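Fold and contact review
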Amino acid sequence: MAARVLSFYLLLFLSIAQLGVSLYEDQVGLMDWHQRYIGKVKHAVFHTQRSGRKRVMVSTEQNVIASLDLRHGDIFWRRVLGANDSVDGIELALGKYVISLSSAGGTLRAWNLPDGQMVWETSLQGSKPSKAFLLVPTNLKVDKDNLVLAFGGGCLVAVSSIDGEMLWKKDFAAESLEVQQVVQSPGSDVIYVLGFVGSTQFDIYQINGKNGEVIHHETSNYAGGFSRNTLIVSDDMLVALDVTGSILITVNFQGGKVRIDVKPISDLVGYYSGQVELLALRLGRMFALKAHQHIALISVTNEGKLEVAEKVNSAAAISDALPFSEGQLAVARVHHEDNKVQLTVKLGNDWSTNLLDETVKIDGQRGLVQKVFINNYIRTDRSHGFRALVVMEDHSLLLVQQGEIVWTREDGLASVLDVTTTELPVEKDGVSVSKVEQNLFDWLKGHVLKLKGTLMLATPDDMVAIQAMRLKSSEKSKMTRDHNGFRKLLIVLTQARKLYALHTGDGRIIWSLLIGSLRKSDACGHPVGLRVYPWQVPHHHAMDENPSVLVVGRCQLSQDAPGILSFVDAYTGSEIESSGPVHDVLQVIPLPFTDSTEQRLHLLIDTKQRGHLYPRSREALGIFQQKSSNIYWYSIETGNGIIRGYAIKGSCIHEDSDDFCFEPRDLWSVVFPGESEKIISTATPKLNEVVHTQAKVMAEQDLMYKYISKNLLFVATASPKASHGIGSATPEEASLVVYLIDTVTGRVFYRMTHQGCQAPVHAVFSENWVIYHYFNLRAHRYEMSVIEIYDQSRADNKDVLKLVVGKHNLTVPTSSYSRPEIVAKSQSYFFTHSVKAITVTLTAKGITSKQLLIGTIGDQVLALDKRYLDPRRSLNPSQAEKEEGVIPLTDSLPVIPQSYLTHALKVEGLRDVITVPAKLESTTLVFAYGVDLFFTRLAPSRTYDSLTEDFSYALLLLTIVALVAAIVVTWIWSERKELQEKWR
Amino acid sequence: MEKGKAVVGFGRRWAVEFTDSSAALSARDIPDPPGFSRASQDQDDSSVSRQKKDAEVNWKTQKAWEVAQAPFKNLMMMGFMMWMAGSTVHLFSIGITFSALWQPISALQGVGKVFEPYKDGKVELLGPKLLFIALNLGGLALGIWKLNTLGLLPTNASDWVSSLPPAQEVEYSGGGIPLY
């Protein structure tokens, strides 16, 4: 009955507005925020002409090319290249173009400097992969046309900078030359191409820059063998390391004559151990050698002798040399002293001269300086000033000028790895509402303004004031928990191993933490962050205990590297505790149990499939051992095409084990035939999803029982050819097989083959259904399919009387070993977009209807009602079905422009979308991240349980007052009239 | 009803008797007009009042039956309205259904009051009352039937199951593709 009435109201709402997600223009920014980032900068080119805007062009590790305002750090324009299109270099050409070389020398593009329009693009087909260089000589001209030299794929190509036309091409791969460096000889058109053939032969080609003809070719040999770590010093010298990495080889090629000199590194820097590396910096007649945690700056004298100019700690960063006045070079060196950063600009020609020496105080949470780029300007007193663009360990970007940080960009947020949420602190007596809400007068004034807006009495100025008031409503950015659960903290782990807490109200950073235990150390060479999990969520002591999160990392990228665990307080952003390096971590399984301090039990699986229990307390162990007979886990080996299931056998028996380690017992395995099926995608239900009901009521009051289990796994496999990009397989070769597997017993519930379909597959699992997206080669279109599963073994629970008196087994705990009978219903539809991510809305109680959130290829988030993906759709639904909300079947899913959550914005480089339920049942919070961040609130069936924020309380008050007044007036009036009647 | 009673009880406050029964003998010479029966003249006062009473009882009984049958008309009208309202849930059909439920209930509550005027030691009211109750119950049944056709009665299994949370699972399983 209730369901019927509810569905009636839902229908009513839906008929009022087809989809409840669209918004009006003035609602933008009310509940959503969008932050634009660029990522970790790897190249920077300054463009600071005397007049006009000063800007810096950067390219980043997130494949972004951007032009930043040098004054404020804002983005003038930004272009995000594809995921495989990493930038090799950027340069300025003709004073108006930004030339970028990307895809390992495969693509050369020119961007208009003021607005970022692409002017031309040239695809360079190389013959084999090689290093990639971009060279924009200033004086190399052919018919007034400046040339751009690009090396990539073993070919040197000269391209016209005006239209991108290829002028000449020279293939070096054919001569089996591994090109190491390409240099232009100063003041002439000659290009030197330096490289190795094999490991011992050094080749040098002199090429006429105007037509690509080889002028001269000379080879030379060095028996010791070259490593591939080389560097150009000045214009006529190449520095290389030998194969053992202990000898420095200098190759002087002045005038085409090759002279090889050798010098052991220990002669230069004294005792050292470990790897030696030449830093890829252009320092004029100097080079930097990194050995034994020190950087040795070695200068080359005019006679060709090597001298150590300075030895600095390896935590220092050195910039490229900047020519600033005739013949003079400036080099910036940044190093840390205590918690301050020392920026020194030195004269490249004379290392003992300091042009600038400044101390800058930089937030300790930014870590070490990674890169520095310098630029000079003329001070009012005609002396040279320098500004430095500094890239920090957390990928943030700072501009330092005159000992001050001019601006900061938090670009670490462009590489989010994982997100979790925590609640904000409960409102305490200290923080009162009135304090934040200013005073009553302001409140009243605001409402009067709003009322004016509603009654269309507002002047344009008022409208602006109203909009500003709505946008920076203090209500949404308060630091306390709210009744509706809209305000939360997003805990974000980034690639730079930094943890940020963002406020959902306005996206500001509450705290950030460069996780200490995940920083580079002797024990951990290249630590990486993996995931972040909610560790402790206090409910009983919410007033005086802080929630905490668990950050899981590894020492190295490889799976068998030791793991690192860090526990971070979610309110203060301080590391409470850390352990590591510990055993390796393959998988983290949050268990559905908590101990008395409300710490969630986690089982960490290592590469030997042993389980390690956390937290490491006796109490947790007790709880775990009590439940251990019902705990299972599985591992998906995508390489071998095997899924294995395990249970706990007992405590570990190996030597360095403790009580918290458990041996696995092999239970089952599903082996996919390797020659015909390859695992490409999997999906599981979300652990925190709440399902309201187990029954699905069909038209005519028919009943089906959903098969709801968290222990289900959706696996999609494709034939090996069809598991790559589209176009790699013909329809006959391609097939896609989907499975539903019970992860406790290993039983395959359902299997379906899609002939002529192929990867990529994106899937989402929720309640009793899976929706997946793939490409149909026969139809040349993307498709989406839905599988709904129902429990047939409960289907006979239809006797009303028995249900009324409660004589049924519907709420009895179920076991996967009871072999439930499963019925699956499925349907497929065409879908226009290719997809980057799919997720589904989650609400607090699971009553609200579901919407799919689709991250489209255009980096937007599209909301699609689940009702469109319903296997019961048919061409002519019956009256009862229509009443129930079954939509007539169409072959493709509609894309309604108003249902883009991101409206006019783009979440560049979108990687994933997550949803978090708010306390208000109708509402869910959506966070999409990629290079950009986007957050919004979504009510899939409109906010049926609350008044909207736009609701005018003043109007309501006014109406009530007016009504009361009217009642009083009419009452007096009628009294008087009655009296007159009586006198008559 | 009050008015009717006044007429019945005090309708004849005074009367002019044109015939004098004491002078009957002197008038004997004149034959009675044809069709005149002296027997009627012989009725005594008590018999006259009893006759009056009988008429009253008859009349009351008849009225009571009429009142008892009144809901039938109502029932028919309700049925027609329900048919017009259709079987989908909207404001009109809900209003009609609830009025169809409310009317019989309020009528049943006031059964005593409805038959108050006809209350008399001699008037047999049980029959009309029973009929009245039965008809109203019929109306109520019609209302409930309508409620059911609207789907607002929890007579289906779905109504009892839709709020049942999913059963808990005994086992717990986790895992997946190794973290990278």
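Residues numbered from 1 in each chain as written. Chains lettered and ligands numbered in written order. Predicted model: local features only at pLDDT ≥ 70, side-chain atom pairs only at ≥ 80, totals over all residues. Heavy atoms only, no water.

On to the overall build of chain A, then. For chain A, the helix and strand inventory stands at 9 helices and 65 strands. At 33 Å, chain A has a C-alpha radius of gyration in line with the 30 Å of a compact globule built from 984 residues. Out of the 984 residues in chain A, the part that is buried amounts to 53%. For chain A, restricting intrachain contacts to residue pairs at least 6 apart in sequence, the fraction spanning at least 24 positions comes to 51%. Total accessible area on chain A is roughly 43,600 Å²; 52% of this is exposed by carbon and sulfur atoms. Distance between charge centroids for chain A: 3 Å, based on 100 positive and 107 negative side chains. (Helix = DSSP H or I, 4+ residues; strand = E, 2+ residues; numbered from the N terminus. Rg over C-alpha atoms; globule rule 2.2 N^0.38 Å. Buried < 20%, exposed > 50% of the residue type's maximum accessible area, 1.4 Å probe, protein only. Contact = heavy atoms within 4.5 Å. Areas by Shrake-Rupley, 256 points an atom, 1.4 Å probe, with all protein chains shown as cover. Lys, Arg positive; Asp, Glu negative; His and termini not counted. Charge placed at Lys NZ, Arg CZ, Asp CG, Glu CD.)

The sites that carry the UniProt feature "transmembrane region" (unreviewed entry) are, in the present numbering, residues 80-105 and 125-145 of chain B. Within the segment residues 80-105 of chain B, helix and strand shares are 81% and 0% respectively, and the terminal C-alpha atoms sit 19 Å apart. (UniProt positions renumbered as here; feature names shortened; annotations may be inferred.)

Looking now at the confidence of the model for chain A. Residues and elements named next belong to chain A. Of all residues in chain A, 96% attain a pLDDT of 70 or more, and the chain-wide mean is 86. This model gives residues 1-20 a pLDDT under 50, and the stretch forms 26 contacts once residues within four places in sequence are excluded. Across residues 431-436 the pLDDT falls below 50, and counting only partners more than four positions away or on other chains, this stretch makes 6 contacts in the model. (pLDDT = per-residue confidence, 0-100.)

What follows covers the packing of helix α4 (residues 440-454) of chain A against helix α9 (residues 953-983) of chain A. Residues and elements named next belong to chain A. Remark: α4 packs on α9, axes separated minimally by 8 Å, with the N-to-C direction vectors making an angle of 80°. Between α4 and α9, the angle falls in the class roughly perpendicular. Counting all contacts with α4, which are made through His447, Leu451 and Thr454, the residues of α9 involved are Tyr953, Ala954, Leu955 and Leu958. Across the contact of α4 with α9, the residue classes break down as 5 nonpolar, 2 polar and no charged. (Axes fitted to C-alpha atoms, helices over the stretch in contact; angles between N-to-C directions. Parallel < 35°, antiparallel > 145°, perpendicular 65-115°, else oblique. Nonpolar A, V, L, I, M, F, W, Y, C, P; charged D, E, K, R; others polar.)

Under the UniProt annotation, "transmembrane region" (unreviewed entry) lies at residues 951-974 of chain A. As a span, residues 951-974 of chain A carries 92% helix and 0% strand, and end to end its C-alpha atoms are 35 Å apart.

Residues and elements named next belong to chain A. Inspection of the entire model under this criterion finds 30 salt bridges over all chains. In this structure, Arg109 engages Glu121 in a salt bridge whose closest nitrogen and oxygen atoms are separated by 2.5 Å. Here the residue Arg109 occupies a position in strand β8 (residues 107-112), and Glu121 occupies one in strand β9 (residues 118-123), the gap between them amounting to 12 residues. What makes Arg109 buried here is its relative accessible area of 10%. Assessed through its relative accessible area of 45%, Glu121 is described here as partly exposed. Here Arg610 ties to Asp606 by a salt bridge, and the two come within 3.4 Å at their closest N and O atoms. (Salt bridge = Lys/Arg side-chain N within 4 Å of Asp/Glu carboxyl O.)

So, on to the nonpolar core. Core analysis: the biggest nonpolar cluster contains 38 residues, and A:Ile38, A:Val58, A:Leu68, A:Leu389, A:Val492, A:Phe927 and A:Leu933 have the highest contact counts within it. Discounting chain neighbours no more than four positions away, the residues touching A:Phe927 are A:Trp33, A:Val419, A:Leu490, A:Val492, A:Asp912, A:Val913, A:Ile914, A:Leu933, A:Phe934 and A:Phe935. (Core = buried A, V, L, I, M, F, W, Y, C linked by side-chain atoms within 4.5 Å.)

Before going further, it helps to examine the environment of A:Val45. Considering the arrangement of structural elements, one finds A:Val45 in strand β2 (residues 41-47). Considering only alpha carbons, one finds A:Val45 and A:Val56, 11 residues apart in sequence, at a separation of 5.6 Å.

All names here are of chain A. Across the 7 residues that make up strand β37 (residues 488-494), a large majority, 7, are buried. Every second residue of β37 is oriented toward a common face, with Lys488, Leu490, Val492 and Thr494 on one face and Leu489, Ile491 and Leu493 on the other, all of them buried. Here strand β36 (residues 416-423) runs beside β37; their pairing, made up of 7 bridges, is antiparallel. Paired with Thr422 across the strands is Leu489, a residue of β37. Of the strand pairs in this sheet, β37 and strand β38 (residues 498-503) are connected by 5 bridges, and their pairing is antiparallel. If you follow Leu490 over to β38, its bridge partner there is Leu502. Remark: 3 residues form the turn of the hairpin made by β37 and β38, two consecutive strands paired antiparallel; Arg497 in that turn has positive phi of roughly 60°. (Pairing = 2+ DSSP bridges.)

In this section: unusual backbone geometry. All names here are of chain A. With an omega of -5°, the peptide bond between Tyr614 and Pro615 qualifies as cis. Mapped onto the elements of the fold, Pro615 is located in the loop between β46 (611-614) and α6 (618-627). A cis amide bond, omega -5°, links Ala759 with the succeeding residue Pro760. Within the secondary structure layout, Pro760 lies in strand β56 (residues 757-766). Unusually for a residue other than glycine, His903 sits at a positive phi of about 35°.

Residues and elements named next belong to chain A. Strand order in the open sheet formed by 4 strands is β15-β16-β17-β18, with antiparallel pairing between adjacent strands. Of all strands in the sheet, those bounded by a partner on one side alone are β15 (178-184) and β18 (214-221). Between one strand axis and the next, the sheet turns through 15° on average, direction left out of account. Strand direction decides the pairing type here: β15 and strand β16 (residues 190-197), joined by 6 bridges, are antiparallel. Bridging from a neighbouring strand, Glu178 pairs with Phe196 of β16.

Once that is clear, we can look at the interface of chain A and chain B. Listed as interface residues are 58 residues of chain A and, on the opposing side, 32 residues of chain B. Between chain A and chain B, the buried area comes to about 4,000 Å², and carbon and sulfur atoms account for 59% of it. Counting across the interface, chain A meets chain B through 0 salt bridges. Taken together, chain A and chain B are joined by 24 residue pairs in polar contact (both at pLDDT 80 or more). (Buried area = accessible area lost by both parts, 1.4 Å probe. Polar contact = N/O pair within 3.5 Å; in protein donor to acceptor, adjacent residues only side chain to side chain.)

All names here are of chain A. Tallied over the entire structure, the rule returns 2 disulfides over all chains. Each sulfur of the disulfide joining Cys524 and Cys555 lies 1.7 Å from the other. Residues Cys524 and Cys555 are joined through a disulfide that is left-handed, its torsion about the S-S bond being -70°. In this pair, Cys524 sits in the loop between β39 (509-514) and β40 (528-536) while Cys555 sits in the loop between β41 (548-554) and β42 (562-569), placing the two residues 31 residues apart along the sequence. Taking relative accessible area as the criterion, Cys555 reaches 2% and is therefore assigned buried. One disulfide bridge connects Cys652 with Cys661, the sulfur atoms lying 1.8 Å from each other. Linking Cys652 and Cys661, the disulfide has an S-S dihedral of approximately -60° and is accordingly described as left-handed. (Disulfide = S-S within 2.5 Å.)

All names here are of chain A. Strand order in the open sheet formed by 4 strands is β56-β57-β58-β59, and the pairing between neighbours is antiparallel. At either margin of the open sheet sits one strand with a lone partner, and together these are β56 and β59 (822-831). Looking at each pair of strands side by side, their axes are set apart by 20° on average, direction ignored. The sheet contact formed by strand β58 (residues 781-791) and β59 spans 10 bridges and is antiparallel. Directly across from Tyr782, in β59, lies its bridge partner Phe831.

Let us now look at a nonpolar patch on the surface. A cluster of nonpolar residues, A:Leu947, A:Tyr953, A:Leu956, A:Ile960, A:Val964, A:Val968, A:Trp971 and A:Ile972, forms a patch on the protein surface that exposes about 760 Å² of accessible area. Within the secondary structure, A:Ile960 is located in helix α9. (Patch = residues over 30% accessible without salt bridge, like charges linked within 9 Å, V, L, I, M, F, W, Y side chains within 5 Å.)

Glancing now at the environment of A:Trp33. Residues and elements named next belong to chain A. The residue Trp33 is located in strand β1 (residues 33-35) in this model. For Trp33 and Gln536, which are 503 residues apart along the polypeptide, the C-alpha to C-alpha distance reads 28 Å. Here Trp33 is in contact with Leu490, Leu502, His503, Thr504, Gly505, Asp506, Gly507, Phe927, Leu933, Phe934 and Phe935, once residues within four sequence places are set aside. Separated by 2.8 Å, the side chain of Trp33 and the backbone oxygen of Thr504 make a polar contact.

A few words now on the packing of α4(A) against helix α5 (residues 460-471) of chain A. All names here are of chain A. Look at α4 against α5: their axes get within 10 Å of each other, and the N-to-C directions meet at 120°. One element, α4, and the other, α5, form an angle in the oblique class. In this structure, α4 meets α5 at a crossing whose hand is left-handed. Across from Gly446, Leu449, Lys452 and Gly453 in α4, the residues of α5 making contact are Asp462, Ala465, Ile466 and Met469. Looking at the contact of α4 with α5 residue by residue, the classes come out as 4 nonpolar, 2 polar and 2 charged. (Left-handed = near helix turned anticlockwise from the far one by under 90°.)

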